[in-house]
Every structure is written in C-alpha cells, then in structure tokens.
Amino acid sequence: MSKLEQILILDPPHDLRFKGPFTDVVTTNLKLKNPSDRKVCFKVKTTAPRRYCVRPNSGIIDAGAAVTVSVMLQPFDYDPNEKSKHKFMVQTTFVPPNVSDMELVWKDAKPDELMDSKLRCVFELPTENDKVNDIDSSKAAPILNASKLDGSSVPKPSSVSLDDTEMKKLMEECKRLQSEVIKLGDENRQLKDDGLRMRKIHRSENMVSNTSSLMGRDQGSSSLPSLLVVIAAIFIGFFLGKFIL
C-alpha cells in the first residue's frame with residue numbers, strides 16, 4: 001500500500017461480491033469517493049480482464065465528489081478453485097495543475113504519488129431456499145404479467161373519449177356520404193325521366209308529321225278523280241252540244 005492510500009475511499013472497501021448462478025451477466029457497483037480538495041485520476045484493473053466489463057474503467061474525480069463504477073461479470077462456468085484468481089486494483093493519483101493528457105499523468109507519476117487499493121472477488125452460490133424462492137417467483141411472474149396485460153387492455157378515459165370523438169367524426173362522414181349518394185341517385189332518376197320525356201315528345205312529333213303528310217296525300221288523291229270528272233263532263237258537254245246544234 002502507498003502512503004497516499006487515504007486520498008480515495010472505496011465502497012465496499014475490500015470485497016466485490018457476485019451472486020450466482022453465473023449463467024447471465026452479474027453486476028455489482030463500486031463507489032469511489034474523493035475526500036481531498038484536489039482532483040484525483042483513477043484506473044480500475046483486474047487479473048481477469050476477459051471475464052469482466054468495467055464502466056468506467058478510468059477517469060477523473062473532482063474534489064469532494066464520487067463516481068460509481070459498474071463491474072459486470074460475464075457468464076461463465078463457476079470453478080471453486082478459480083475464485084482466488086479474480087482480483088481488482090484501483091490505482092489513484094492526484095491530477096497535476098495545467099495537465100489535460102491523462103496518459104502523461106500516469107506516465108510521469110512517481111511511485112510514491114500512486115495509491116493502490118486492492119479488492120478480492122467473492123462468489124456466492126444460491127442456497128436451496130433461494131432456489132425455491134426463485135421458482136416461486138418464476139411461477140408468480142406469469143400471473144403478474146397477465147394482470148398487467150389485463151390492466152393494460154382496459155382503455156383509459158382519455159383514450160375512450162378520443163375513440164368516441166373519432167367515432168362521431170366517422171358517423172358524420174358516413175351520413176354525409178349517404179346523403180350525397182341519395183342526391184346523386186335522385187339526379188340520376190331525374191335525368192332518366194327527362195330522357196324518356198324527350199323521347200316521347202320526339203316520337204309524338206314524328207307521328208304528327210307522318211299523319212299530316214298522309215292526309216295531304218289523301219286530299220291530293222281524292223281531288224284528282226273529281227278534277228277528271230269535271231274535265232270529262234266538259235268534254236261530253238262540248239261534244240253533245242256540237243251534235244245537237
């Protein structure tokens with residue numbers, strides 16, 4: 001340990017605990033607090049980098065501030081003989097004034113200016129009671145989900161009013177369209193009646209013209225014999241008068 005150990009407070013201070021089963025990602029949080037009046041630069045290192053995802057794994061902590069680091073253990077097959085190999089170390093140093101490149105800070109830092117805080121990983125396997133509770137909770141989950149679905153299926157008052165408004169608009173639109181259809185139907189019937197009336201008038205006019213022409217022909221034909229009779233009578237009278245005289 002460095003003599004600058006107290007420039008950073010870790011919570012938890014010694015152990016990072018992970019509760020199994022480790023078939024999914026298991027996350028635990030590490031809180032880093034800076035009690036000093038200067039900015040602190042930190043790094044988080046582990047002996048098993050492929051097994052963990054650390055966010056953030058480095059950064060700067062302002063004076064009197066704190067940062068929460070999420071340590072995510074990736075799924076793996078738990079081996080009791082391997083638990084002692086998993087360890088973490090948080091390395092810290094003060095940030096020099098007028099320095100913006102953190103790589104230079106770590107590169108130029110002297111050994112007595114560094115603080116190293118080590119943490120060991122503790123793996124907790126679920127007990128039989130935990131397994132029973134997990135099973136019960138898994139059975140209860142579908143019931144809760146079903147109740148949530150039932151609750152979600154009930155429409156809210158706002159949605160109901162919105163649906164009623166839309167329904168009224170649709171009904172008014174349907175009525176308007178029906179009235180237009182009726183109007184168009186009346187206009188269509190009127191057009192049909194006008195067409196039939198025009199046809200009847202045209203037919204009657206044709207019949208009148210045909211009748212008048214026929215009557216003219218009859219009158220012409222009837223006047224022709226009478227004219228011939230008069231002419232014949234004149235000739236007969238002429239010849240009779242000539243013989244008598």
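So, here is what we can say about the structure in this document. (Residues numbered from 1 in each chain as written. Predicted model: local features only at pLDDT ≥ 70, side-chain atom pairs only at ≥ 80, totals over all residues. Heavy atoms only, no water.)

The side chains of a regular strand alternate, residue by residue, between the two faces of the sheet. Here strand β5 (residues 52-55) shows one buried face, formed by Tyr52 and Val54, and one open face, formed by Cys53 and Arg55. Pairing between β5 and strand β7 (residues 66-73): four bridges, direction antiparallel. Counted as the bridge partner of Val54 is Val71 from β7. (Buried < 20%, exposed > 50% of the residue type's maximum accessible area, 1.4 Å probe, protein only. Helix = DSSP H or I, 4+ residues; strand = E, 2+ residues; numbered from the N terminus. Pairing = 2+ DSSP bridges.)

Quick look at the pairing of β7 now. Of the two faces of β7, only the one carrying Val67, Val69, Val71 and Leu73 is buried; Ala66, Thr68, Ser70 and Met72 on the other face are not. Relative to β7, strand β3 (residues 26-33) is paired through eight bridges, and the arrangement is antiparallel. Bridge pairing in β7 links Asn29 to Ser70.

This next bit is on the packing of aromatic side chains. Pairs of aromatic rings are described using the distance from one ring centre to the other and the angle between the two planes. In total, this model carries nine aromatic pairs according to the counting rule given. Between the aromatic rings of Phe22 and Phe123, the centroid separation amounts to 5.7 Å while the plane-to-plane angle is 90 degrees, which identifies the pairing as edge-to-face. Taken as a pair, Phe22 in the loop between β2 (15-19) and β3 and Phe123 in strand β9 (residues 115-124) lie far apart in primary sequence, 101 residues in all. In this structure Phe123 comes out as buried when scored by relative accessible area, which is 11%. The structure contains a cluster of three or more aromatic residues connected by ring pairs, namely Phe18, Phe22, Tyr52, Phe76, Tyr78, Phe88 and Phe123. Above the face of the Phe94 ring, Arg38 is positioned so that its terminal group lies 4.3 Å from the ring centre. (Phe/Tyr/Trp six-rings, centres within 6.5 Å; stacked < 30°, edge-to-face > 60°. Lys NZ or Arg CZ within 6 Å of the ring centre and 35° of its normal.)

A few words on the sheet that holds β3. Strand order across the open sheet formed by four strands is β1-β3-β7-β5, with antiparallel pairing between neighbours. Taken across any chain shown, the strands that pair with only one partner, and hence form the sheet edges, are β1 (9-11) and β5. Neighbour-to-neighbour, the strand axes of the sheet open up by a mean angle of 20 degrees, direction not taken into account. (Axes fitted to C-alpha atoms, helices over the stretch in contact; angles between N-to-C directions.)

We now examine the sheet that holds β2. Adjacent strands of a sheet form backbone hydrogen bonds with each other and so pair up, either parallel or antiparallel. Strand order in the open sheet made by the five strands is β2-β9-β8-β4-β6, with mixed pairing throughout. Looking at the sheet topology across the chains shown, the edges are occupied by β2 and β6 (58-61). Recorded for the sheet is a direction-independent mean angle of 25 degrees between the axes of neighbouring strands. Bridge count for strand β8 (residues 87-94) against β9 is six bridges, and the pairing is antiparallel. Its bridge partner being in β9, Met89 is matched across the sheet by Lys118.

With that out of the way, let us pick up a nonpolar patch on the surface. A surface patch of nonpolar side chains, about 390 Å² in accessible area, is lined by Leu227, Leu228, Ile231 and Phe235. Within the secondary structure layout, Leu228 lies in helix α3 (residues 157-244). Its relative accessible area of 51% is what places Leu228 among the exposed residues. (Patch = residues over 30% accessible without salt bridge, like charges linked within 9 Å, V, L, I, M, F, W, Y side chains within 5 Å. Areas by Shrake-Rupley, 256 points an atom, 1.4 Å probe, with all protein chains shown as cover. Salt bridge = Lys/Arg side-chain N within 4 Å of Asp/Glu carboxyl O.)

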